[in-house]
Number of protein chains: 2
Amino acid sequence: MELLKQKILEQGVVVSDQVLLLDAILNEQVDPELTMEMGRAFAAIFKEEGITRVVTVESSGIAVAFATAYELGVPLVFARRKKTLLADPDSYVERVPSFTKGIVTDLVLSRKFLNAEDRVLFVDDIIANGDAAKGMIKIIERSGASLSGVGIVMEKCFQQGAKSLREQGIRVESLAKIASLEGGTVKFAE
Amino acid sequence: MELLKQKILEQGVVVSDQVLLLDAILNEQVDPELTMEMGRAFAAIFKEEGITRVVTVESSGIAVAFATAYELGVPLVFARRKKTLLADPDSYVERVPSFTKGIVTDLVLSRKFLNAEDRVLFVDDIIANGDAAKGMIKIIERSGASLSGVGIVMEKCFQQGAKSLREQGIRVESLAKIASLEGGTVKFAE
């Protein structure tokens, strides 16, 4: 997606060879027009899949997953990273490490909002090692729903998350693929 | 907003005299069409205010604040409830109690995304005691920006948050006002 690549070059900050900070467009400040474009792109990519629910994890994935769900005309469901006092006790829980937070958290999703008839698109902002994605995929499997695919805004190709999902036969579509951040420079794949 | 009231009656769950669970439409599952309607409603209410940024707090406020920012054509900025390893060290931090989480958390917002020229609309899903709102208003004040108003999806009139903000002269507009949840029944104000 050319607009996204352009915004990444303009506003992304290379923090290290591993970390590209997109807080100006994605993780803290959100560009609504760009985000709706990303939602339209995911909806177009997965439009033949009969998606019934878009799933994400709080918080950075919510805006783009919302835009995708809006374009597909289906509900968005987001997992929380830990239980609140109001959470449904009958929830799916998967423990996952977080690359950016440097801690282990629980992904929590109410059983009410996923069921065996669902065809699910998982959308997230960034995939690095894929721990959050793998946790969500386990939750989707446990619900009996089928995973139709994974939509990622920015894939870091030099980390193993997306590759390892594709090796499991999962369709992963990324709007921008980063080949390298070495020397403080963003290099896109392809 | 009639559509919202109807959805609250259909899908809200009264947990106690104090708590109405809207996880089916707002807090865990999000109804995108309803949410875009809410965004359009806030944009219409505040359209004369020259808003330059919409601000919210993760996570339940993000979808409706995004819809509002999209309709107004301005960026969305969301505060996080605690620091991640990637957070800008130069951030505003306000410590607030959380009614639903039963704990104290830090609201964290990068200084990069609010400045003295901004006219800010704060949007959130629910106002009860108003602790998150008060914390965000302090952050907005510290940035030098001006607060144009507060948009709330569901105001619980029997708790003091919205009332206390209005007493400070802040414009608070709520799309649904709950007068009471007694006896397990949702009663709207007005």
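Everything quoted here is computed from the prediction, not taken from an experiment.

A. Examining the packing of aromatic side chains more closely. Summed over all chains, the structure comprises one aromatic pair over all chains. When the centroid spacing of 5.9 Å and the interplanar angle of 75 degrees are considered together, the rings of Phe66 of chain A and Phe66 of chain B count as edge-to-face. Taken as a pair, Phe66 of chain A in helix 4 (residues 62-72) and Phe66 of chain B in helix 4 (residues 62-72) lie in two separate chains rather than in one. Both residues of the pair, Phe66 of chain A and Phe66 of chain B, count as buried. Above the face of the Phe188 of chain A ring, Lys5 of chain A is positioned so that its terminal group lies 5.5 Å from the ring centre. Here the guanidinium or amino end of Arg111 of chain B rests over the ring plane of Tyr92 of chain B, the centre of that ring lying 4.3 Å away.

B. Local environment of the sheet that holds strand 9 (residues 146-156) of chain A. Spatial strand order, 11(A)-10(A)-9(A)-8(A)-4(A)-5(A)-3(B): seven strands in an open sheet with mixed pairing. The strands lining the two open edges of the sheet, one partner per strand, are strand 11 (187-188) of chain A together with strand 3 (29-30) of chain B. Looking at chain direction, strand 4 (residues 53-57) of chain A and strand 8 (residues 119-127) of chain A are connected through three bridges and run parallel. Bridging from a neighbouring strand, Val54 of chain A pairs with Leu121 of chain A of strand 8 of chain A. Running at roughly 35 degrees to strand 10 (residues 172-180) of chain A, helix 1 (residues 2-11) of chain A makes contact with strand 9, strand 10 and strand 11 of chain A of the sheet.

C. View of the sheet that holds strand 4 (residues 53-57) of chain B. Strands sit in the order 3(A)-5(B)-4(B)-8(B)-9(B)-10(B)-11(B) across an open sheet of seven strands; the sheet is mixed. A single partner strand is all that each edge strand has here, and the edge strands are strand 3 (29-30) of chain A together with strand 11 (187-188) of chain B. Where helix 5 (residues 131-143) of chain B meets the sheet, it contacts strand 4, strand 5 (76-79), strand 8 (119-127) and strand 9 (146-156) of chain B, and its direction lies at approximately 170 degrees from that of strand 8 of chain B.

D. A look at the pairing of strand 10 of chain A. Residues and elements named next belong to chain A. Sheet topology places strand 9 next to strand 10; six bridges connect them, and they run parallel. Note on strand 10: the bridge partner recorded for Val150 is Val172. Read from strand 9 through helix 6 (residues 161-167) to strand 10, the crossover connection turns out right-handed. Note: strand 10 against strand 11, two bridges, orientation antiparallel. Looking across to strand 11, one finds that Ile178 is bridged to Phe188. The antiparallel pairing of strand 10 with strand 11 creates a hairpin that spans six residues between the two strands, and Gly183 there sits at a positive phi of about 65 degrees.

E. Inspection of the environment of Val14 of chain B at higher detail. Residues and elements named next belong to chain B. Inspection of the secondary structure puts Val14 in strand 1 (residues 13-14). Residues Val14 and Glu182, spaced 168 residues apart in sequence, show a C-alpha to C-alpha distance of 8.9 Å. Non-local contacts of Val14, meaning those with residues more than four positions away in its chain, are made with Val19, Leu20, Leu181, Gly184, Thr185 and Val186.

F. Spotlight on the relation of the copies chain B and chain A. Laying chain B over chain A is done by rotating through 180 degrees and shifting 0.0 Å along the axis; what remains is an RMSD of 0.0 Å. Classification of the inter-copy transformation places it as that of a two-fold axis. An overlap of 100% is found between the interface residues of chain B and their copies at the interface of chain A, pointing to a shared contact surface.

G. Local environment of the nonpolar core. In this structure, Leu4 of chain A together with Leu4 of chain B are the most contacted members of the largest nonpolar core, which totals 67 residues. Filtering out sequence-adjacent residues up to four positions away, Leu4 of chain A remains in contact with Ile25, Leu34, Met38, Val153, Leu175 and Ala176 of chain A.

H. Examining the pattern of salt bridges more closely. Residue and element names in this part refer to chain A. For the structure on display, the rule yields 34 salt bridges over all chains. Where Glu49 meets Arg171, a salt bridge forms, and the shortest distance between an N and an O atom there is 3.1 Å. Of this pair, Glu49 sits in the loop between helix 3 (32-45) and strand 4 while Arg171 sits in the loop between helix 6 and strand 10, and the two are 122 residues apart along the sequence. Here Glu49 falls in the partly exposed class, since its relative accessible area comes to 21%. Residues participating in the shared-partner salt-bridge network are Glu33, Glu37, Arg40 and Glu71.

I. Representation of the packing of helix 3 of chain A against helix 4 of chain A within the structure. All names here are of chain A. For the pair helix 3 and helix 4, the least separation of the axes is 7 Å and the interaxial angle reads 55 degrees. Classified by the angle their axes make, helix 3 and helix 4 are oblique. Judged by the twist between their axes, the crossing of helix 3 over helix 4 is right-handed. For the pair helix 3 and helix 4, contact is made by Thr35, Met36, Met38, Gly39, Arg40, Phe42 and Ala43 and by Ala63, Val64, Ala67, Thr68, Tyr70, Glu71 and Leu72, respectively. Residue classes in the contact of helix 3 with helix 4 are distributed as nine nonpolar, three polar and two charged.

J. Geometry of the interface of chain B and chain A. Contact with chain B, which involves 43 residues of that partner, is made by 43 residues of chain A. Around 3700 Å² of area is buried between chain B and chain A when both sides are counted, 62% of it from carbon and sulfur atoms. The tally of links from chain B across to chain A stands at two salt bridges. Ionic pairing is found between Asp23 of chain A and Lys112 of chain B, a salt bridge with its closest N-O pair at 2.9 Å. Linking chain B with chain A are 17 residue pairs in polar contact (both at pLDDT 80 or more). Contributions of two or more residues to the side of chain B that touches chain A are made by helix 2 (23-27), strand 3, helix 3 (32-45), helix 4, strand 5 and strand 7 (104-110) of chain B. In terms of residues, the side of chain B that touches chain A owes the most to one element, helix 4 of chain B, which gives six residues. Here strand 3 of chain A runs beside strand 5 of chain B; their pairing, made up of two bridges, is antiparallel. The residue of strand 5 of chain B that forms the bridge with Gln29 of chain A is Val77 of chain B.

What counts, and at which threshold
- Residues numbered from 1 in each chain as written.
- Chains lettered and ligands numbered in written order.
- Predicted model: local features only at pLDDT ≥ 70, side-chain atom pairs only at ≥ 80, totals over all residues.
- Heavy atoms only, no water.
- Phe/Tyr/Trp six-rings, centres within 6.5 Å; stacked < 30°, edge-to-face > 60°.
- Helix = DSSP H or I, 4+ residues; strand = E, 2+ residues; numbered from the N terminus.
- Buried < 20%, exposed > 50% of the residue type's maximum accessible area, 1.4 Å probe, protein only.
- Lys NZ or Arg CZ within 6 Å of the ring centre and 35° of its normal.
- Pairing = 2+ DSSP bridges.
- Contact = heavy atoms within 4.5 Å.
- Axes fitted to C-alpha atoms, helices over the stretch in contact; angles between N-to-C directions.
- Right-handed = clockwise from strand over helix to strand, strands pointing away.
- Least-squares fit on C-alpha atoms with pLDDT ≥ 70 in both.
- Core = buried A, V, L, I, M, F, W, Y, C linked by side-chain atoms within 4.5 Å.
- Salt bridge = Lys/Arg side-chain N within 4 Å of Asp/Glu carboxyl O.
- Parallel < 35°, antiparallel > 145°, perpendicular 65-115°, else oblique.
- Left-handed = near helix turned anticlockwise from the far one by under 90°.
- Nonpolar A, V, L, I, M, F, W, Y, C, P; charged D, E, K, R; others polar.
- Buried area = accessible area lost by both parts, 1.4 Å probe.
- Polar contact = N/O pair within 3.5 Å; in protein donor to acceptor, adjacent residues only side chain to side chain.

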